[in-house]
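# Inside the fold
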Amino acid sequence: MRAARARARRGLRSRLLRAGPSSGLGNSTETPPPAPPRAPASPQSEGAGRGESQVTGRAGARASRRAAAEAAAELPGARRRRPRLRGCSWVARGLGAHGHGHAMGGLKEELLKAIWHAFTALDLDRSGKVSKSQLKVLSHNLCTVLKVPHDPVALEEHFRDDDEGPVSNQGYMPYLNKFILEKVQGNFDKIEFNRMCWTLCVKKNLTKSPLFISEEDSFKVWVIFNFLSEDKYPLIIVPEEIEYLLKKLTEAMGGVWQQEEFEHYKINFDATRDGLSAWELIELIGSGQFSKGMDWQTVSMAVNEVFNELILDVLKQGYMMKKGHRRKNWTERWFVLKPNIISYYVSEDLKDKKGDIILDDSCCVESLPDKDGKKCLFLIKCLDKTFEISASDKKKKQEWIQAIHSTLHLLKLGSPPPHKEARQRRKELRKKMLAEQEELERQMKELQVANETKQQELEQVRKKLEEAASRAAEEEKKRLQTQVELQDRFSLELEREKLIRQQMEEQVAQKSSELEQYLQRVRELEDMYLQLQEALEDERQARQDEETVRKLQARLLEEETSKRAELERWHMEQQQAIQTTEAEKQELENQRLLKERALQEAMQQLEQLEQERKQALEQYEGVKKKLEMAARKTRSWKDKVAQHEGLIRLIEPGSKNPHLITNWGPAAFTQAELEEREKSWKGKKSTE
């Protein structure tokens, strides 16, 4: 419940943040800048930034040189000087709005996240402003690592201290988009780019307390954070992505994921935040809270494995033997499978690259039988070349074949790597859950409004009930006045009830006599059963007695039904009497009690009669069973007689349907058989 409440508070806070101005890159992690958001690419806003602070003349040039020296001091190998921030202000909200409003591609979004870290590191006083000289140095380094062609003269002209350039009007974002991000071709070294941004921000933000991981591993965790973080600023990683990352690390370390411990961590998570920053994530992993019992080498290997998978898109890697194309010799190589290429190196340090296998729609992988002393062989066919590879065992061979098959299938479908597709699905799921939560809160507000309306209606009903209670009190006084008049009427009704009771007692006595007669007839039936054993005529008589008993039972049931109907009628009369005297129910309470007792006694008597009837029915069933036994004995005797070729015919009760009687017994032959026998008899007589 605590975790659910915390998540609800975090969701409400995020919605409140979205309801206000959208945050951007220039916002500090602690204090957002008060400046309103601007659309940097809007032509209408060119004259809106004329009020920005600017340095003119000789004093401005000196300030710019000092700021340039300070920015250079932030870069590796530069001397540190006292920082002074002057010049243009970068409305960082514009960066966030530009990234979302103009639907930048996935590459630009990933680049913006690393640049955001560098920009916030240069913003020393967390005011949302960075000097032009620092931005100039940052832009120059970005162009270098991203391999974007740039003109140093145009760069100096753009970042000069007067207001003729667009920087002073619209901030840093227009230049970043137009001259850098839009020219990125994807042929740069991502690791070098991230390391440059990491170098700018690590000294300012990384905790001074000792960590369980090295600085290189912290850099890799920082890059993974940029990959898994949300597309909003300040950058954070939500608990779901934290759980995903920790699970991947635990799996890479060969450990067992402790879900309960993570749930406990989520419960203790600060409810006022939606997630962790990059430095908090590094501190969490470096603290060893979720890697207890593991040494730092194991944790480092796990971080490196997850980094290779999520950042470098390494789907699989390992040592295998490769057959040469010229010498036809077998050499061990370190293979690395990526979404569109397989690279192989001399060793796993990836320093000496020997070649690539370009994967496309025309490639395929096939398993080969063992030959030339090599086992676990498979073949990769491309348009121009084929590659014979030998795995260490059958399991590795099957894993590599399956991995290459999956990669080729993703290439044909044009799908992204599995981890990127999974990240996109998780984001879509979170958006869906957030929308459902917003819908739930909207419904809760509607229910609250409806509840308030219902409370008002209930208040009105309460007032009406108070008025009705006062009217009822007046009517009670009137009823007490009519009580004396109703007393005489009550006496008459009481006499009538006494007469009804006497009639019921007489009927009960009559029922008792009828029951005695019924029992006497049952005894007569028992005597008849003894006589039925002597002959078949006695059996017919017993059946007649059985019919008599059935008629008697039916008559008793009819009488019982009539009595029950009469009791129901009396009960209805009693209810009608109660309804007519509803106004004086207090005075007639004693009368009603007497009626109910009389009715209960009658019902008890009726139940007793019912029990007696059931007993008689049970006795009747016993007689019936005895009659059936007698009938079976009679049939067995009849069968014995029929064995004597029909010389003796058993006398049985007559049937309603006509039967053919022969010396073999009733209906022993059909009409056609009798005619055939008659013909045969006549033929015999004629021959004699």
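To be clear, the structure that these remarks concern was listed above.
A quick note: this is a predicted structure, and the numbers were derived from the prediction, not measured.

Right, let's talk about the pattern of salt bridges for a bit. By the definition in use, this model includes 36 salt bridges. The salt bridge involving Glu601 is made with Arg501; its shortest N-O contact spans 3.9 Å. With Glu601 in helix α19 (residues 589-642) and Arg501 in helix α17 (residues 483-532), this residue pair connects regions lying 100 residues apart in the sequence. Looking at Arg501, the relative accessible area reads 43%, which means it is partly exposed. We note a salt bridge from Arg569 to Glu573, for which the minimum N-O separation is 2.9 Å. Separated by 4 residues within a single helix, Arg569 and Glu573 lie in helix α18 (residues 536-580), roughly one turn from each other.

Where nonpolar side chains cluster on the molecular surface, the patch consists of Leu440, Met444 and Leu447 and spans about 330 Å² of accessible area. Mapping Leu447 onto the fold places it in helix α16 (residues 418-481). The exposure class of Leu447 is exposed, given its relative accessible area of 56%.

Time to look at the side chain of Lys595. Along the polypeptide, Lys595 turns up in helix α19. Non-local contacts of Lys595, meaning those with residues more than four positions away in its chain, are made with Glu493, Glu497, Gln574 and Ala577.

What follows concerns the state of the cysteines. This structure, assessed with the given rule, holds 0 disulfides. Of all cysteine sulfurs in the structure, the one in Cys197 sits closest to Cys201, which takes part in no disulfide; the separation is 7.3 Å. The exposure class of Cys201 is buried, given its relative accessible area of 0%. Unpaired in this structure, Cys382 has its nearest cysteine sulfur neighbour in Cys363, at a distance of 3.2 Å. Overall, the relative accessible area of 15% leaves Cys382 in the buried class.

If you trace the backbone, His409 turns up in helix α15 (residues 394-413). Distance in space between the C-alpha atoms of His409 and Asp360 is 9.8 Å, their sequence separation being 49 residues.

Attention shifts here to the sheet that holds strand β4 (residues 353-358). Reading across the sheet, the 7 strands line up as β4-β3-β2-β1-β7-β6-β5 and stay open at both edges, with antiparallel pairing between neighbours. Only two strands of the sheet have a single partner each, and these edge strands are β4 and β5 (364-368). Going from strand to strand, the sheet's axes swing by 35 degrees on average, the running direction of each strand aside. For β5 and strand β6 (residues 377-381), the ladder comprises 5 bridges, and the chain directions are antiparallel. Looking at the pairing, Cys364 lines up with Lys381 of β6. Each of β1 (316-323), β2 (330-338), β3 (341-345), β5 and β6 touches α15; the most contacted strand, β5, lies at about 160 degrees to it.

Core analysis: the biggest nonpolar cluster contains 68 residues, and Leu142, Leu146, Leu176, Phe193 and Trp222 have the highest contact counts within it. With residues near it in sequence (within four places) discarded, Leu146 still touches Leu111, Ile180, Val184, Asn187, Phe188 and Phe193. The next biggest cluster of nonpolar side chains, apart from the first, holds 21 residues, and it includes Cys363, Cys376, Ile389 and Ala391.

Here α16 is 64 residues long and its end C-alpha atoms lie 91 Å apart, about the 94 Å a rise of 1.5 Å per residue gives. Along α16, the residues that are buried comprise His419, Ala422, Arg423, Arg426, Lys427, Arg430 and Arg479. Contacts made by the buried residues of α16 are with α4 (106-122), α10 (215-228), α11 (239-253), α14 (296-310) and α17.

Here the focus is the environment of Lys511. Residue placement: Lys511 occurs in helix α17. Measuring from C-alpha to C-alpha, the distance between Lys511 and Leu606 comes to 9.5 Å, with 95 residues separating the pair along the chain. Those residues in contact with Lys511 that sit more than four places away from it in its chain are Glu559, Glu560, Lys563 and Leu609.

Attention shifts here to unusual backbone geometry. Note the cis peptide between Tyr233 and Pro234, where omega equals -5 degrees. Locating Pro234 in the fold gives a position in the loop between α10 and α11. Of note in this structure, Asp313 is not a glycine but carries a positive phi near 60 degrees. Considering the arrangement of structural elements, one finds Asp313 in the loop between α14 and β1. A residue is classified by how much of its surface remains accessible, and Asp313, at 12% relative accessible area, is buried. Unlike most non-glycine residues, Asp372 shows phi in positive territory, near 55 degrees.

A word on the packing of α4 against helix α5 (residues 132-145). When two helices pack together, their arrangement is given by the angle between the helix axes and the distance between those axes. Packing of α4 against α5 brings their axes to within 11 Å, and their N-to-C directions diverge by 155 degrees. When the axis of α4 is compared with that of α5, the two are roughly antiparallel. In this structure, α4 meets α5 at a crossing whose hand is right-handed. Counted together, Ile115, Ala118, Phe119 and Leu122 of α4 and Gln134, Leu135, Leu138 and Leu142 of α5 form the full contact between these two elements. Looking at the contact of α4 with α5, its residues break down into 7 nonpolar, 1 polar and no charged.

Definitions and cut-offs
Residues numbered from 1 in each chain as written. Predicted model: local features only at pLDDT ≥ 70, side-chain atom pairs only at ≥ 80, totals over all residues. Heavy atoms only, no water. Salt bridge = Lys/Arg side-chain N within 4 Å of Asp/Glu carboxyl O. Helix = DSSP H or I, 4+ residues; strand = E, 2+ residues; numbered from the N terminus. Buried < 20%, exposed > 50% of the residue type's maximum accessible area, 1.4 Å probe, protein only. Patch = residues over 30% accessible without salt bridge, like charges linked within 9 Å, V, L, I, M, F, W, Y side chains within 5 Å. Areas by Shrake-Rupley, 256 points an atom, 1.4 Å probe, with all protein chains shown as cover. Contact = heavy atoms within 4.5 Å. Disulfide = S-S within 2.5 Å. Pairing = 2+ DSSP bridges. Axes fitted to C-alpha atoms, helices over the stretch in contact; angles between N-to-C directions. Core = buried A, V, L, I, M, F, W, Y, C linked by side-chain atoms within 4.5 Å. Expected span 1.5 Å × (residues − 1). Parallel < 35°, antiparallel > 145°, perpendicular 65-115°, else oblique. Left-handed = near helix turned anticlockwise from the far one by under 90°. Nonpolar A, V, L, I, M, F, W, Y, C, P; charged D, E, K, R; others polar.

No statement about biological role is implied by the geometric values presented.
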